[in-house]
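As a plain string of letters, each chain reads:
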Amino acid sequence: MAFGQAAAMRIRVLGPLEVWSGEGWVGISAEKWRALLACLVLNAGQIVPTETLIFELWADTPPPTSNNLVSIYVNQLRRAIGDTDGRILIRRKPGYQLKVGPDDTDLQRFESLVAGGRDARSRGDPDTAAALLAEAEGLWRGRFLADVPPTMLVCAEADRATELRVSAAELRIESNLECGQRAEVIPELRRLLAEYPLRERLWLLLMRALRGTGRHAEALNIYGEARSVIAEELGVDPGPELQQMYAELLSADATAPPHPTAGEADEIARGEIAGTIAAGALADFVGAAAEREGAAAPTEPAGPPRPRPAQLPPDIADFTGRRNQVDYLRDALSSPDATADPGAVRIAVIAGAAGLGKTTLGVHAAHQVRQLFPDGQLYVDLSGASSEPAPPGDVLARFLRDLGVDGDKIPVGDAERAALYRTQLTGRRVLILLDDAKDAAQVRPLLPGSASCAVVVTTRNRSPYLVSTGFVDLNTLPGPEALELFSRIVRDGRPAAEPEATVQVLFACAGLPLAIRICAARLATRGQWRIATMAARLRDERHRLDELQVGDLEVRASFQVSYDSLRAGRSRVDPAHAFRLLGLWSGQRISTPAAAALIGEPEGDVADALETLVDVNLLESPEPDWYQLHDLLRLFATERAQAEEPEEIRHSAVARLLRWYPAMAETAADVIAPQRYRISPGEPHAHGLLLDSVEAALTWYDSERAGVVAAIRQAAAAGLHDIAWQLAVALFPLFDRRGNWADCITAHRIAVESTRAAGQRQAEAWTVQNLGQALALVGEEDAFTYLEEALAIRREISDRDGEAQTAISLAYTYNILRGPEAAFDHSLRNLEILRRGGNRVLLGIGLTNHADYCLALGRLDEAADCSREALGILAPLEKHGRGYATETLGRVYLESDRLSEAIASLNEAYRLHLADGALRAQAAALKYLAEAQRRAGYTDQARESLTAAAALFRKLKVDKEVAAVQSALAELASPPENADVGQRPR
């Protein structure tokens, strides 16, 4: 790896821009930095003038300080990539140079592997070629420089790289075919052709693969598809290679044994063959087809040709995305599953919520395979989500007429109609699209009995009977596909010209294709609108659904159909009532116990109602016992609640849920920190969970982490200020154990305002104290202001324990922000006061902290005495503080080179921190333990401790500590030859 004398580092451009940090791949956080690095990477080794970089970053509108900004960005970028000494990103007049070696980017590696694969093929070694080319393709992680703004340079290089990628895929698939892997490459070729339909080589390879698996008829149909696409887009016929392949297929088909059916021969004879092969070959082919048709003629009397219905709705010209689902459906409908019953009908089910594009996808997939069903396609809208679903008997009668049965010969009974329907379809190749099915009972009579047919079902409901077939559970569109759909419908330069407004519109649509289509259609018909206009109209959530309608398309109406279909069923809780109340919760997710509190019913009954909502796709269940509403469905649910639920019911429901959270938080905090400061005990709740261990308490908090902050916000916004501040302070020990200080700060900023609104002076001091301590732990100088304010309030109201707590926090903050010298005198004065007071837990904490300051100042004897005294006080009272006191004593032993005692104490400290769930403390104890083990010669044990510490620091996202631990691990890589490797003392 070449980067001068710097540490080894690589750059990845085949996807989002990333650099190797020495520990893993990391992204570049700022967009301008990414653009700058991308420009330098794409000109690797060359000096790029500053003017070029400025143009790449700001085009024709650079700011007046652009030269200075480039210099600042370069310095920031150097820090981001670990090049603080400037030996990789070099200042060279008139600009900058990025020094890279021949294999420092994944693009260079990709090109090298492709060249190796090409050489292997030329040597007649397809196995090696396929392996090298597959390795090359595996380097791609998405679109080229996916997170870099698409400038002219980036787009040009992206086009070049994409061409290389597709060419490599073609070369690798050709190698796969030479290795006999024919069936395996067919799905991939279909996916590639969906994206690159004009690449004749892909069509050729697909025809070769199909021919190799004996699927001649499909290979012939593929030629027809290729010819149609190429003629429509380019106005020319396919090239000579494709034409030659087609002629070979026809010739092989003409000399094959007479096994095809009359329908197959008719399909081929009438296919798109005119003008593609020589007249003699065509005559031979048609003659052979006629002979086969005669040989396979049915024994029944000849009659008029049976109707060939063609009822598929038109495909949508701007269909976008869903590539994986389209490929899956096409493969599922194209050939029977080899593992299934050979007589089983191919059924593909597309399920999903309203507005996700189920019908659009079903129609599009059906058009992709319609040529495989020459006897026709049937379509019906079953209106399953409406109040009047189509009766299966009526649909059967219509289908029978469409298949050529005279009206007077259609049976009266549904069972007889279904039997005749199956008889009519036997041996015929018909595709049936059943749109908007209610359930399996509605679909079952409409299924054919012949494996020659295939069925596509779209439904808003999840039916277990239907899920057992080919199943596509449709979800929202991912960001790139949403942008592609939006841009294709708008059809002008506005999305590229207004990227931020476009993101805002797509965010408001929340990935719902119907909503995206509506917004894009409105913009397409209003050329004078800026996208920012649409974004502004969507900004107010109260009116967002009003904006999401155009013509006969309306998001609210689509939701209403599903909502109107709800029935209470066997559950004691009305699913529609549950749906409405869920719209009152502002959090993203809700657990079953929390939902039970919201709805005010037993968990079992609530769970039944929620699962009913999941079955009709009005609610999502990302994991067991957890539920969430799509953003737009949440707005609809809120509307329904406002319209249908009395104000008293709405208020009571929200209050129940918001009281459940502090009750649960108090329960968890009682387990975690039973000796914590408090004003009043928590309120019990009927829907509380049993949290009987530290692990259970922290598991509850981890799962509800986002919910508790949302609850604090909602309580404050609703004027329930006592709930807001009580929940925040109850959560403080949990925030502490998990190191979630950003959440803690957010929660306590709200809580401080709530205590002031409620006039709770003692609670105000408590929340201000917690906020100050949290700010100190993230290095904010504002911590002093808040802690001084808390101290003043607590003195004013004569809260002695609170005053002592704040004094300890102030000394601790001085240590963090100003160093141990600044903290020492404050702490010493605090100890005098604490000894005169009666709170033994606070004295133990003060002694532990003072020991830490003494240790940092080299006063080892004082540190040891304070630690031992703290342990004597805390041992029977407070395990959290006991862990810290034990750790400090272990560090004293370490500094005194008393390694056996240090190892024993630090092992014990780690055990206490582990039992307490304090992640940051666990990591610190392991780091110090590793140092003691290293010095004692226990190298393997030290490596284990450091590896575990690195994992914890990484989880906590403490990058500085991760780097320090990684450095210590590197030093252990080559232990001394005379090291005494033993077992870790316990």
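Residues numbered from 1 in each chain as written. Predicted model: local features only at pLDDT ≥ 70, side-chain atom pairs only at ≥ 80, totals over all residues. Heavy atoms only, no water.

## What about the overall build of the chain?
Across its full length, the chain holds 44 helices and 16 strands. Total accessible area on the chain is roughly 44,000 Å²; 50% of this is exposed by carbon and sulfur atoms. (Helix = DSSP H or I, 4+ residues; strand = E, 2+ residues; numbered from the N terminus. Areas by Shrake-Rupley, 256 points an atom, 1.4 Å probe, with all protein chains shown as cover.)

## Topic: the packing of aromatic side chains
For the structure on display, the rule yields 15 aromatic pairs. Residues Tyr-563 and Phe-636 carry aromatic rings whose centres are separated by 5.7 Å and whose planes lie at 85° to one another, so their mutual orientation is edge-to-face. Here the residue Tyr-563 occupies a position in helix 25 (residues 555-564), and Phe-636 occupies one in helix 29 (residues 631-644), the gap between them amounting to 73 residues. One exposure class covers both Tyr-563 and Phe-636, and it is buried. The rings of Phe-559, Tyr-563, Phe-579 and Phe-636 are connected pair by pair, giving a single aromatic cluster. The ring of Tyr-928 carries the charged tip of Lys-927 above its face, separated from the ring centre by 5.2 Å. (Phe/Tyr/Trp six-rings, centres within 6.5 Å; stacked < 30°, edge-to-face > 60°. Buried < 20%, exposed > 50% of the residue type's maximum accessible area, 1.4 Å probe, protein only. Lys NZ or Arg CZ within 6 Å of the ring centre and 35° of its normal.)

## What about a negative patch on the surface?
A cluster of acidic residues, Glu-603, Asp-608, Glu-611, Asp-615 and Asp-625, forms a negative patch on the protein surface. Tracing the chain through its elements places Asp-625 in the loop between strand 15 (620-623) and strand 16 (626-628). Assessed through its relative accessible area of 46%, Asp-625 is described here as partly exposed. (Patch = residues over 30% accessible without salt bridge, like charges linked within 9 Å, V, L, I, M, F, W, Y side chains within 5 Å. Salt bridge = Lys/Arg side-chain N within 4 Å of Asp/Glu carboxyl O. Lys, Arg positive; Asp, Glu negative; His and termini not counted. Charge placed at Lys NZ, Arg CZ, Asp CG, Glu CD.)

## Describing the sheet that holds strand 1 (residues 11-12)
The antiparallel open sheet is built from three strands, whose spatial order is 1-2-3. Looking along the sheet, the strands with just one partner apiece sit at the ends: strand 1 and strand 3 (25-27). Bridging between strand 1 and strand 2 (residues 18-20) involves two bridges; their strand directions are antiparallel. Bridging across to strand 2, Arg-12 finds its partner in Glu-18. (Pairing = 2+ DSSP bridges.)

## Some points on the nonpolar core
Among the nonpolar cores identified, the biggest contains 139 residues, and Phe-486, Val-555, Tyr-661 and Trp-700 are the most heavily contacted of them. Broken down by element, this core gets its largest block of residues, twelve residues, from helix 31 (residues 694-717). With residues up to four places along the chain from it excluded, the contact list for Tyr-661 reads Trp-585, Ala-594, Trp-700, Glu-704, Gly-707, Val-708, Ala-711 and Leu-727. (Core = buried A, V, L, I, M, F, W, Y, C linked by side-chain atoms within 4.5 Å. Contact = heavy atoms within 4.5 Å.)

## Looking at the pairing of strand 10 (residues 454-459)
Within strand 10, six of the six residues are buried, leaving the element largely enclosed by the surrounding structure. Relative to strand 10, strand 7 (residues 346-351) runs parallel, the two sharing six bridges. Following the sheet pairing, Ile-347 is matched in strand 10 by Val-455. The sheet contact formed by strand 9 (residues 431-437) and strand 10 spans five bridges and is parallel. Bridged to Ala-437 within strand 10 is Thr-459.

## A look at the sheet that holds strand 15
In any sheet, the strands associate via hydrogen bonds between backbone groups, in a parallel or an antiparallel arrangement. A sheet is described by the order of its strands in space; here three strands give the open sequence 14-16-15, paired in antiparallel fashion. With one partner strand each, in any of the chains shown, strand 14 (590-591) and strand 15 form the two edges of the open sheet. With two bridges connecting them, strand 14 and strand 16 associate as antiparallel partners. Pairing of Ser-591 across the sheet is with Trp-626, part of strand 16.

## Observations regarding the packing of helix 7 (residues 186-195) against helix 8 (residues 200-212)
How two helices pack is summed up by the angle between their axes together with the distance between the axes. Interhelical geometry of helix 7 versus helix 8 gives an angle of 155° and a closest axis separation of 10 Å. It follows that helix 7 is roughly antiparallel to helix 8 by the angle criterion. Seen from above, helix 7 lies across helix 8 with left-handed handedness. Two secondary-structure elements touch here, helix 7 through Ile-186, Leu-189, Arg-190, Leu-192 and Leu-193 and helix 8 through Leu-202, Trp-203, Leu-205, Leu-206, Ala-209 and Leu-210. Partitioning the contact of helix 7 with helix 8 into residue classes produces ten nonpolar, no polar and one charged. (Axes fitted to C-alpha atoms, helices over the stretch in contact; angles between N-to-C directions. Parallel < 35°, antiparallel > 145°, perpendicular 65-115°, else oblique. Left-handed = near helix turned anticlockwise from the far one by under 90°. Nonpolar A, V, L, I, M, F, W, Y, C, P; charged D, E, K, R; others polar.)

## Focus: the pattern of salt bridges
Between side chains of opposite charge, a pair can form when the charged atoms approach closely. Taken as a whole, this structure holds 60 salt bridges when the rule is applied. Put simply, Arg-572 and Asp-605 hold a salt bridge, and the shortest N to O gap is 2.7 Å. On the criterion of sequence distance, the pair formed by Arg-572 in the loop between helix 25 and helix 26 (575-582) and Asp-605 in helix 28 (residues 603-615) is long-range, its members being 33 residues apart. Taking the relative accessible area as the measure of exposure, Arg-572 reaches 61% and is therefore exposed. Within this structure, Glu-753, Arg-756, Arg-761, Glu-764, Glu-789 and Glu-796 form a network of salt bridges that share partners.

## Comments concerning the environment of Arg-462
Assignment of secondary structure puts Arg-462 in the loop between strand 10 and helix 18 (464-467). Linking Arg-462 and Val-616, residues 154 residues apart in sequence, is a C-alpha distance of 6.6 Å.

## Brief notes about the side chain of Arg-322
Summarising the element assignment, Arg-322 is placed in the loop between helix 12 (279-295) and helix 13 (323-334). Despite its burial, Arg-322 pairs with no opposite charge, the nearest such side chain being Glu-481 at 5.2 Å. A polar contact is formed between the side chain of Arg-322 and the backbone oxygen of Asn-475, at a distance of 2.8 Å. If sequence neighbours within four positions are ignored, Arg-322 has contacts with Leu-356, Leu-361, Leu-474, Asn-475, Thr-476, Leu-477, Glu-481 and Pro-513. (Polar contact = N/O pair within 3.5 Å; in protein donor to acceptor, adjacent residues only side chain to side chain.)

## Some remarks on unusual backbone geometry
The omega angle of the peptide bond from Lys-93 to Pro-94 is 10°, so this bond is cis rather than trans. Here Pro-94 shows up in the loop between strand 5 (89-92) and strand 6 (95-98). Its identity is not glycine, yet Leu-145 carries a phi of approximately 45°, on the positive side. Within the secondary structure, Leu-145 is located in the loop between helix 5 (126-137) and helix 6 (152-178). Exposure remark for Leu-145: the relative accessible area of 1% places this residue in the buried category.

## Some points on the packing of helix 31 against helix 33 (residues 741-758)
Interaxial distance between helix 31 and helix 33 falls to 10 Å at its minimum, and their mutual angle equals 25°. Relative to helix 33, the element helix 31 is oriented roughly parallel. Classified by chirality, the crossing of helix 33 by helix 31 is left-handed. Along its contact with helix 31, which presents Tyr-701, Arg-705, Val-709, Ile-712, Arg-713 and Ala-716, the element helix 33 presents Asp-743, Thr-746, Ala-747, Ile-750 and Ser-754. Partitioning the contact of helix 31 with helix 33 into residue classes produces six nonpolar, two polar and three charged.

## Structural notes on the pairing of strand 8 (residues 377-381)
Among the five residues of strand 8, four are classified as buried, and the element is accordingly described as predominantly covered. When strand 8 meets strand 9, the two strands line up parallel, connected through five bridges. Of the residues in strand 9, the one forming a bridge with Val-380 is Leu-434.

## Remarks on the environment of His-367
Along the polypeptide, His-367 turns up in helix 14 (residues 358-369). Residues His-367 and Gln-377 lie ten residues apart in sequence; the distance between their C-alpha atoms is 9.7 Å. The contacts of His-367, once residues within four sequence positions are left out, are Leu-312, Pro-313, Pro-314 and Asp-315.

## Comments concerning helix 44 (residues 959-971)
Between its terminal C-alpha atoms helix 44 stretches 19 Å, which fits the 18 Å expected from 13 residues at 1.5 Å a residue. Regarding helix 44, the residues found buried are Glu-961, Val-962, Val-965 and Leu-969. Seen along its axis, helix 44 keeps its buried residues to an arc of 100°; they face one direction. With respect to the buried face of helix 44, the exposed residues turned more than 90 degrees away are Asp-959, Lys-960, Ala-970 and Glu-971. (Expected span 1.5 Å × (residues − 1). Arc of directions from axis to C-beta.)

## Re the side chain of Thr-50
By the secondary structure assignment, Thr-50 is in helix 2 (residues 50-58). According to the relative accessible area criterion, Thr-50 is buried, its value standing at 7%. Filtering out sequence-adjacent residues up to four positions away, Thr-50 remains in contact with Asn-67, Val-70, Arg-91, Pro-94, Gly-95 and Tyr-96.

## Regarding the confidence of the model for the chain
Across the chain, the average pLDDT comes to 83, with 88% of residues at 70 or higher. When the criterion is pLDDT under 50, residues 1-9 qualifies, and its contacts beyond four places in sequence or with other chains add up to 21 contacts. Every residue in residues 254-302 scores below 50 in pLDDT, and together they form 45 contacts with partners more than four places removed in sequence or on other chains. (pLDDT = per-residue confidence, 0-100.)

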